[in-house]
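# Reading the structure
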Amino acid sequence: MSVIAVVGAQWGDEGKGKIIDMLAEQASLVVRYSGGDNAGHTVINNQGEFKLHIVPSGVFYAHTTCIIGNGVVINPTVLLGEMDELKKRGVDISRLYISDRAHLIMPYHILLDGLEEDALGSKALGTTRKGVGPAFTDKAARLGIRMGDLLDKAGFKSRLETVLTGKNQILTKVYGVKPLSLKTIFDQYCEFANRLSPYICETTSMLEKAAVNREIVLLEGAQGVLLDPDFGTYPFTTSSSPMAAGACLGAGISPMRVKHVLAVFKAYCTRVGSGPMPTELKDKTGDAIRQCGHEYGTTTGRPRRCGWFDGVAAAFSNRINGYNGIALTRLDVLDQFPELKICTAYKLDGKTIHEFPSSVAEVGRCQPIYEEMEGWMTDISDIRQYARLPAAARRYIRRLEELCGSPAKLVSVGPKRDETIIRSSLV
Ligand code: GDP
Ligand code: IMO
Ligand code: MG
C-alpha cells in the first residue's frame, strides 16, 4: 500500500501539477484535497498543455480515478468549464468523482472576496478574488452549502434562502451594493446540479478500498505550506490547509495510512499576492529569474515575485510536514546564472536567527544571509540521469537537501512529463 501526499512546500506554484501528472501513471487514485480554483496546476504531456484549477492532475490516465475531495471548495461554473474543455480535447473524465461533502463557492462569495479586498485598500491580501476565502469562512461559520445539498432541491432552496438573507444584509448595509436574487441563484445552481449530480458521491470509501488493496493513491495539494493559515505568513495566507495534515482532513483518510510525504520545492522561491518573502529580489536578478522561468500566475496572470531559495523557510516547511522526499522542480531555470545564492539564516533586528518567525511583521524585517554557490552555466533540460548533471548542479542540490533535511528523489528539468530525473523510487 502506498498513499503519497504531494505537498506544495513553499508559496505555491512549485510544479505540483507536473509532478502529480508524472506520478499518476502508477496510481489508481488521485485526490485533490484543499483550496479551490485559486489553484492553477499546469500539466504538459502527450495530450497537450492543460491548466487545471479543480480537476485533479491525474485525469490523463485511463486507469486513474480522480476525486475532488471534501476539503476543496467548488465553483461549479469553473468546474463545468474545465470538464467541458477536457472532454473537448479528448480527455476521458468518466472516472471523476466529487465529494458530496465539498463546499460550494456561491456568487456572494466571489462578490465578497472582491469587496473585502477593495475595502482593505493598500492593506489588501492580494487574493485571487475567486471567492475561496469567503467560502471557507462560511464553512467554519456553518453557513456553507455543500455539493451533496444540490441533490435535494427543496432542501437546497430552503438553505440558500436562509444564508442569502444574511448575505444580502451584508451586501446592502455594509457595502452598499445591490442584493442578489434568490431565484436567479437557485435556478442557476439547479442547472449545475443537473449536470454535476452523476459525479457527486461519498468518496472516502473509494479511498479506503484503494488503500486496503495497497494501490498507489496520490493526495494532491494546492497552494503551499507558507500560505497555510496556521503556519504561513498570516494574515497573508490562503484559507485552507495545504499541509500534509490537511491532506488527511481534505481527502478523508487516516494519517496512519499516509506512507510518504513528498515535498514539491522549486529550486528558488516565488510568491504571488501580498505578504513578506525574505529572499525576494526586486532587482535585475529577480527580473531575470522571472524571465527565464516565465513566472506569471497560472490563475490570475500576475507576475510572480521571485527570489533565491530560502533554506530557513524550507527547514521549517519540513519540520511541520515531515517530508521523506523532495521533488525539486525548475532546476533548469537556473542554467544561465553564473552565481547562485541560498539563504541559510536571517538577520532580524541585529540578531542572526535560523527560525521562520510566526509574526508577519518579523518575517517582513528578516534580511536574508546568503551562501554563494557556483552556477553550472549549461543547458540541463536533456539530462535524465542524476550522475550526468554538472557537478555544480549536484552541489547545489546537495546543499538544498542539507538545509531542508530531506533527499531530492525527483529532479525536474523542464515542464514536460518526461523532463524529469528519477533519482530514487518513491514507493
Ligand atoms: P503548481 O500550482 O504547483 O501546479 O504549479 P504551476 O503550474 O502554477 O506553476 C509551475 C510552472 O512551472 C508551470 O508553468 C509548469 O509548466 C512549470 N514547470 C514545472 N516543472 C518545471 C521544470 O522543472 N522546469 C521548468 N522550466 N518549468 C517547470
Ligand atoms: P497553486 O495550487 C500561488 C495566494 C494568492 C494570495 C493568497 C490568498 O497553483 O500553487 P486566496 O485566493 O487563496 O484567498 O488568496 O494565496 N494563492 C496562491 N499562490 N499558488 C496558488 O495555488 C495559490 N492559491 C492562492 O495569490 O496571495
Ligand atoms: Mg499554480
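It should be noted that the structure appears before, not after, this text.
Analysis parameters
- Residues numbered from 1 in each chain as written.
- Chains lettered and ligands numbered in written order.
- Predicted model: local features only at pLDDT ≥ 70, side-chain atom pairs only at ≥ 80, totals over all residues.
- Heavy atoms only, no water.
- Near = heavy atom within 4 Å.
- Polar contact = N/O pair within 3.5 Å; in protein donor to acceptor, adjacent residues only side chain to side chain.
- Areas by Shrake-Rupley, 256 points an atom, 1.4 Å probe, with all protein chains shown as cover.
- 1 Å grid on protein atoms, 1.4 Å probe; cavity = no way out; pocket = protein on both sides within 12 Å on 5 of 7 lines; lining within 4 Å.
- Sits in = over half its atoms within 2 Å of the grid points.
- Donors = N, O, S within 2.8 Å, 3.2 Å for Na, K, Ca; no water.
- Helix = DSSP H or I, 4+ residues; strand = E, 2+ residues; numbered from the N terminus.
- Core = buried A, V, L, I, M, F, W, Y, C linked by side-chain atoms within 4.5 Å.
- Buried < 20%, exposed > 50% of the residue type's maximum accessible area, 1.4 Å probe, protein only.
- Contact = heavy atoms within 4.5 Å.

### Quick word on the site of ligand 1
In the neighbourhood of ligand 1, 20 residues make up the surrounding shell, with K16, T42, R330, D332 and S412 lying closest. Between an oxygen atom of ligand 1 and a main-chain N or O atom of K16, the distance comes to 2.8 Å. Contact between ligand 1 and T42: an oxygen atom at 2.6 Å from a side-chain N or O atom of the residue. For ligand 1, the protein covers 92% of the area, taking 590 Å² as the surface of the free molecule. Applying the majority rule of atoms within 2 Å of the grid points places ligand 1 in the second largest pocket.

### Considering the coordination of the magnesium ion (ligand 3)
Around the magnesium ion (ligand 3), the donor atoms from the protein are D13 (OD) and G40 (O), and they sit 2.0 to 2.2 Å away. You can see D13 sitting in the loop between β1 (2-8) and α1 (16-23) and its partner G40 sitting in the loop between β2 (29-32) and β3 (41-45), a full 27 residues away along the chain.

### Thoughts on the nonpolar core
Residues L219, F265, L331, W376 and Y396 are the most contacted members of the largest nonpolar core, which totals 58 residues. Top element by residues in this core is helix α12 (residues 391-404). It accounts for 7 residues. Contact partners of L331, with chain neighbours within four places excluded, come to A267, W376, I380, A393, Y396, I397, V411 and S412. Core analysis: the second largest hydrophobic core is formed by 56 residues, Y61, L79, Y189 and F192 among them.

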